[in-house]
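Now for the letters of each chain:
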Amino acid sequence: AIANGVAEADLVLKPSDYLNIKELPSWSNTEQIALRGEVRFPGTYPIQRGETLRSVISRAGGLTELAFTAGSVFTREDLRGREQQQLDLLATRMQSDLATLALQGAQANQTGTAQSLSVGQSLLAQLKSAKAVGRLVIDLDQVLASQPGSDQDVILRDGDVLAVPRLRQEVTVIGEVQTNTSHLYQRGLARSDYIAQSGGMTRKADDGQIYVVRANGSVLANGGSSRWFKSSMDMKPGDTIVVPLDTERMPTLPLWQAVTQIIYNIAIAAAAVNSF
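Note that the structure is predicted; figures quoted are calculated from it, not measured.

Procedures and definitions
Residues numbered from 1 in each chain as written. Predicted model: local features only at pLDDT ≥ 70, side-chain atom pairs only at ≥ 80, totals over all residues. Heavy atoms only, no water. Pairing = 2+ DSSP bridges. Helix = DSSP H or I, 4+ residues; strand = E, 2+ residues; numbered from the N terminus. Axes fitted to C-alpha atoms, helices over the stretch in contact; angles between N-to-C directions. Expected span 1.5 Å × (residues − 1). Buried < 20%, exposed > 50% of the residue type's maximum accessible area, 1.4 Å probe, protein only. Contact = heavy atoms within 4.5 Å.

Remarks on the sheet that holds strand 4 (residues 160-164)
Right, so step 1: Overall, mixed pairing links the 4 strands, which are arranged 2-1-4-3 in an open sheet. Looking at strand neighbours, the two that pair on one side only are strand 2 (43-47) and strand 3 (73-75), the edges of this open sheet. Taking the axes of each pair of neighbouring strands and ignoring which way they run, one obtains an average angle of 20° across the sheet.
Right, so step 2: Direction of pairing for strand 1 (residues 31-37) relative to strand 2: antiparallel, over a ladder of 5 bridges. Each residue of the ladder has a partner; that of Leu-35, found in strand 2, is Gly-43.

So, in structure tokens, the structure goes:
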């Protein structure tokens, strides 16, 4: 009432009185999100506590007609920090396992141990140099179509970044193929067709563990059990086909297969983020 100018509510202060004026909650904690790419008005936007992605995109004028929503990249800072901690722990564990393998190989004089160590050390070097991205896989079309309060929307946090690319027309093939490259998407071509266009697989490829990373970051894997997945999977623009290294042909560490997938997935996510 005093702040509103009500004179009757005012008090005369006396010696030894205490007057405490409290700060409004979260007044100084301005949180922000960055919108990049095919947004009508890209930039950095302040957000309120509890505000959602759909709300901020609406304030930014929505998306352009060239927006490729399926390839949107949403990153979050605290996710990046946790992922980096896991990468560092995994590198430490793999380094210990490599030392154990080297000692066992020296004692048993096993053939192939030197080759296994060489592959393992290469993977370890890639793992140590990998930097976490903190990507959160979202369905931006569902976010935009959601109703207020829907579970499909994303409650924002300070430091979040949404990058919306322009329409894509390529399918990329990486890993153990003759040529790592991108091909113009053609309706009706299967996963195996794009691999063939890349020169086919190398002798070190694990054809039973090939997987596809969709443009939004989700992973589709078959574990070598589905013939349909191997030959007739429906490919989409922006997909990345990953042909991993066959680690079962040599004395391997339990982590190797997981490490190879992590390295590829980080590379794909980093490439998507760095394209803006």
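Some remarks on helix 7 (residues 256-274)
Right, so step 1: In this model, helix 7 (19 residues) spans 27 Å end to end at C-alpha, consistent with the 27 Å of a helix rising 1.5 Å per residue.
Right, so step 2: For helix 7, the complete set of buried residues consists of Trp-256, Val-259, Thr-260, Ile-263, Tyr-264, Ile-266, Ile-268, Ala-269 and Ala-272.

Thoughts on the environment of Ala-190
Right, so step 1: Secondary-structure assignment places Ala-190 in the loop between strand 6 (181-184) and helix 5 (191-197).
Right, so step 2: With 44 residues separating them along the chain, Ala-190 and Asp-234 place their C-alpha atoms 6.4 Å apart.

Let's talk about the pairing of strand 4
Right, so step 1: Summarising burial for strand 4: 5 of the 5 residues are buried, a large majority.
Right, so step 2: Judged by which residues are buried, strand 4 turns out to be covered on both faces: Asp-160, Leu-162 and Val-164 on one side and Val-161 and Ala-163 on the other are all buried.
Right, so step 3: Of the pairings in the sheet, the one linking strand 1 to strand 4 comprises 5 bridges and is parallel in character. When the bridges of strand 4 are listed, Arg-36 appears paired with Ala-163.
Right, so step 4: The pairing of strand 3 with strand 4 spans 3 bridges and is classified as antiparallel.

Thoughts on the environment of Ile-266
Right, so step 1: Mapped onto the fold, Ile-266 is located in helix 7.
Right, so step 2: Residues Ile-266 and Arg-135, spaced 131 residues apart in sequence, show a C-alpha to C-alpha distance of 9.3 Å.
Right, so step 3: Not counting residues up to four positions away in its chain, the partners in contact with Ile-266 are Leu-87, Ala-130, Lys-131 and Val-133.

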